[in-house]
Amino acid sequence: MTSPMEAYRLLVADVYELAGVSRRTAEEIARQRGQTVARWHVLSAVAEEPCSAAAAARRLGLARQSVQRVVDQLQEEGLVTVAPNPRDRRAPLVSPTAGGRQALAALVAASEVRRAGELRASGLAAEDLLAARETLRSLICALRR
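About the cut-offs
Residues numbered from 1 in each chain as written. Predicted model: local features only at pLDDT ≥ 70, side-chain atom pairs only at ≥ 80, totals over all residues. Heavy atoms only, no water. Axes fitted to C-alpha atoms, helices over the stretch in contact; angles between N-to-C directions. Helix = DSSP H or I, 4+ residues; strand = E, 2+ residues; numbered from the N terminus. Parallel < 35°, antiparallel > 145°, perpendicular 65-115°, else oblique. Contact = heavy atoms within 4.5 Å. Nonpolar A, V, L, I, M, F, W, Y, C, P; charged D, E, K, R; others polar. Salt bridge = Lys/Arg side-chain N within 4 Å of Asp/Glu carboxyl O. Buried < 20%, exposed > 50% of the residue type's maximum accessible area, 1.4 Å probe, protein only.

Let's talk about the packing of helix α2 (residues 37-47) against helix α4 (residues 64-76)
Here comes step 1: One way to put it is that α2 packs onto α4 with a least axis distance of 10 Å and a crossing angle of 90°. The angle between α2 and α4 places the two elements in the roughly perpendicular class. Residues A38, R39, V42 and L43 of α2 form the contact with α4, whose participating residues are V67, V70, V71, Q73 and L74.
Here comes step 2: Looking at the contact of α2 with α4, its residues break down into 7 nonpolar, 1 polar and 1 charged.

Structure, rendered in structure tokens:
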């Protein structure tokens, strides 16, 4: 019989494997569109609402410095703008430009086409994925306590 600790370790190993497989396909999709996964992630993090590089880094679980480097690159290429932050003048707000939103939309569309095919081939239904997500969210909440 598998203990809860062994089941936990197996689950975490599978989550890491899933993240790795997903990242490799994302890298391929991004590369085909002249982007990187890091740039894709930063564009995604600032797309909903403007935020500082530090806030984007926290959301992505990355170091602020690495996100700041990506923001600088995106700004140089005109894919994001940086504006004063009324709440913290040392942490400007980053938001995508029209070109940045267009680049992000192209990445998302390409990803959805590929992932939809992969999900169809897997035979998994939305309910299966939502049940797995619910389990993971419950575990995340328990570990944060």
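Some thoughts on the pattern of salt bridges
Here comes step 1: Applying the stated criterion to the full structure yields 8 salt bridges.
Here comes step 2: Residue E28 is joined to R114 by a salt bridge in which the shortest nitrogen-to-oxygen separation is 3.0 Å. Separated by 86 residues along the polypeptide, E28 in helix α1 (residues 4-32) and R114 in helix α5 (residues 98-122) bring together distant segments of the chain.
Here comes step 3: The partner of R59 in a salt bridge is E48, and the shortest N-O contact between them spans 3.9 Å. Placement of the pair is R59 in helix α3 (residues 53-60) and E48 in the loop between α2 and α3, with a sequence separation of 11 residues.
Here comes step 4: Its relative accessible area of 52% is what places R59 among the exposed residues.

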